[in-house]
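# Analysis of the macromolecular model
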Amino acid sequence: MGIYQLTSPVLALSFSLTVAGIQTAISKYVAGETVTKNYRYSFTHLFTGFVISMTLSFLCAFGIYIFADEIALYFLLEERTAPLLRIISFSIPMATVHSCINGYFYGIRKTAVPSACQLTEQIIRVGSVYAIYYFCLEKGYTPTIAFAVLGLVIGEAASMLVSLIAVKAHYAHVVPKNYGSLLDFHALPFRKATGNLMKVAVPLSLNRVVINFLQSVESIFIPNRLLSYGYDQTTALSVYGILTGMSLPLLLFPGAITNSICVLLLPVVSEAEAGGNKRTIKKAVNKSVRYGFLLGLVFTILFLAGGKFLGNILYQNELAGSFIMILSFLCPLMYIASTLNSILNGLGKTSLTFAYSMISLLVRLGFVFFAIPLWGIHGYLWGLLASQLVQTLLCMYAVREYY
């Protein structure tokens, strides 16, 4: 589990470099389609973004496949991740395809398609791993973590197919029969469409790359600093795997509720800000803090009281249960911070949210490098709590005028 989780930084950085900014830029430039019915304009931006992202993704995938050994040894500090990286590299172009198409559907506010893609990806990923596992048992083979990575690639392929079918069906449904070619570089030259997308995508991508790089350093050095505390290599990776692959996903699971609220909050706040409607913004801020705290309190009590039970029943692991109990206090802080971040983005204060994320990451990195060698994994757990508290307080300070 620990070795598998160590490959996450490479995937996150690949996404940042190849498609993260382009996805948002596509959303921005196709958003007017529902009003103007100018399908050539939106499709030309989608096609241009797709070409740029696919070029970057093939270069990225090729680089990871060729230099997997060097990345594993010198960046991830764990040579056993090399074969996993080679398998993962095949997923990058496929992830790029459905990310660009999802960006298009987000822009025209048809969120059912990205949801269907994500759901399909997860079902196929888990199902394929399950099928491969039982096939190996029947044949007498020993299952390895490489099968989980193979499941990831299969899941991305399924998501790509769903998104391609969806975009083809969408255009077949909305575009008039005598409309002609959707791709029109005469009305909107490729260079102009590229310039439009790059104007939005480059700063967003740079922000994501910086944040994901720091998160990668954090992830990579947790097992490394656990060695300084006195763990052997196996124990260090095992503890890291239990924390990041078992305890944290369970704690973050209720965040699906607040993430949905965040998606709805951003356009509401943007509209209120544009219309000078401070009352709506004030109501959004107050409700975000109040309900974020109440929801967080409910899950804190749930995880605090049932952490050990959940660790044993879901993972058959007492340490996972212990981590869940300690980190249960993150819930109110995470839910308040996530909704306030969305409000700040809606107010156009994206530089503030970026700065706050950076400060929070730097606090965690401080605990990784200086607290883990003294107190082991518990030093990192306190770092998670401290960094989230700092970010939440900063967000609350930023929206103080709306209380």
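To start, this report covers the structure provided alongside it.

### Thoughts on the packing of aromatic side chains
Scanning all chains against the criterion turns up 11 aromatic pairs. With 5.3 Å between their ring centres and 85° between their planes, Phe-43 and Tyr-171 make a pair best called edge-to-face. Taken together, the positions of Phe-43 in helix H4 (residues 39–66) and Tyr-171 in helix H9 (residues 146–174) put the pair 128 residues apart, joining distant regions of the chain. On the basis of relative accessible area, Tyr-171 is assigned to the buried category, the value being 8%. Between the aromatic rings of Tyr-229 and Tyr-231, the centroid separation amounts to 5.4 Å while the plane-to-plane angle is 85°, which identifies the pairing as edge-to-face. Overall, Tyr-231 belongs to the partly exposed group, its relative accessible area being 24%. Put simply, the rings of Phe-43, Phe-47, Tyr-104, Phe-105 and Tyr-171 touch in pairs and so form one group of aromatic residues.

### Overview of helix H15 (residues 330–346)
A rise of 1.5 Å per residue sets the reference length of H15, with its 17 residues, at 24 Å; its end C-alpha atoms lie 24 Å apart and thus fit the reference within 8%. Of all 17 residues in H15, 16 are buried, a share of seventy percent or more. Phi turns positive, to about 85°, at Gly-348, one or two residues after H15.

### With respect to the pattern of salt bridges
One pass over the full model with this rule turns up 5 salt bridges. For the salt bridge of Asp-69 with Arg-86, the shortest nitrogen-to-oxygen distance reads 2.9 Å. Of this pair, Asp-69 sits in helix H5 (residues 68–75) while Arg-86 sits in helix H6 (residues 82–89); the two residues are 17 residues apart in sequence, bridging distant segments of the chain. Owing to a relative accessible area of 42%, Asp-69 belongs among the partly exposed residues under this scheme. A residue is classified by how much of its surface remains accessible, and Arg-86, at 24% relative accessible area, is partly exposed. In this structure, Glu-401 and Lys-278 form a salt bridge, with 3.6 Å as the shortest nitrogen-oxygen distance. Here the residue Glu-401 occupies a position in the segment after helix H18 (377–398), and Lys-278 occupies one in helix H13 (residues 278–315), the gap between them amounting to 123 residues. Lys-278 sits in the exposed class, given a relative accessible area of 52%.

### Details of the packing of H5 against H6
Between H5 and H6, whose axes approach to 8 Å, the crossing angle comes to 125°. Between H5 and H6, the angle falls in the class oblique. Along this stretch, H5 crosses H6, giving a crossing that reads as right-handed. Across the interface between the two elements, Ala-68, Asp-69, Ile-71 and Ala-72 of H5 pack against Ala-82, Leu-85 and Arg-86 of H6. Its residues placed into classes, the contact of H5 with H6 shows 5 nonpolar, no polar and 2 charged.

Cut-off values and rules
Residues numbered from 1 in each chain as written. Predicted model: local features only at pLDDT ≥ 70, side-chain atom pairs only at ≥ 80, totals over all residues. Heavy atoms only, no water. Phe/Tyr/Trp six-rings, centres within 6.5 Å; stacked < 30°, edge-to-face > 60°. Helix = DSSP H or I, 4+ residues; strand = E, 2+ residues; numbered from the N terminus. Buried < 20%, exposed > 50% of the residue type's maximum accessible area, 1.4 Å probe, protein only. Expected span 1.5 Å × (residues − 1). Salt bridge = Lys/Arg side-chain N within 4 Å of Asp/Glu carboxyl O. Axes fitted to C-alpha atoms, helices over the stretch in contact; angles between N-to-C directions. Parallel < 35°, antiparallel > 145°, perpendicular 65-115°, else oblique. Left-handed = near helix turned anticlockwise from the far one by under 90°. Contact = heavy atoms within 4.5 Å. Nonpolar A, V, L, I, M, F, W, Y, C, P; charged D, E, K, R; others polar.

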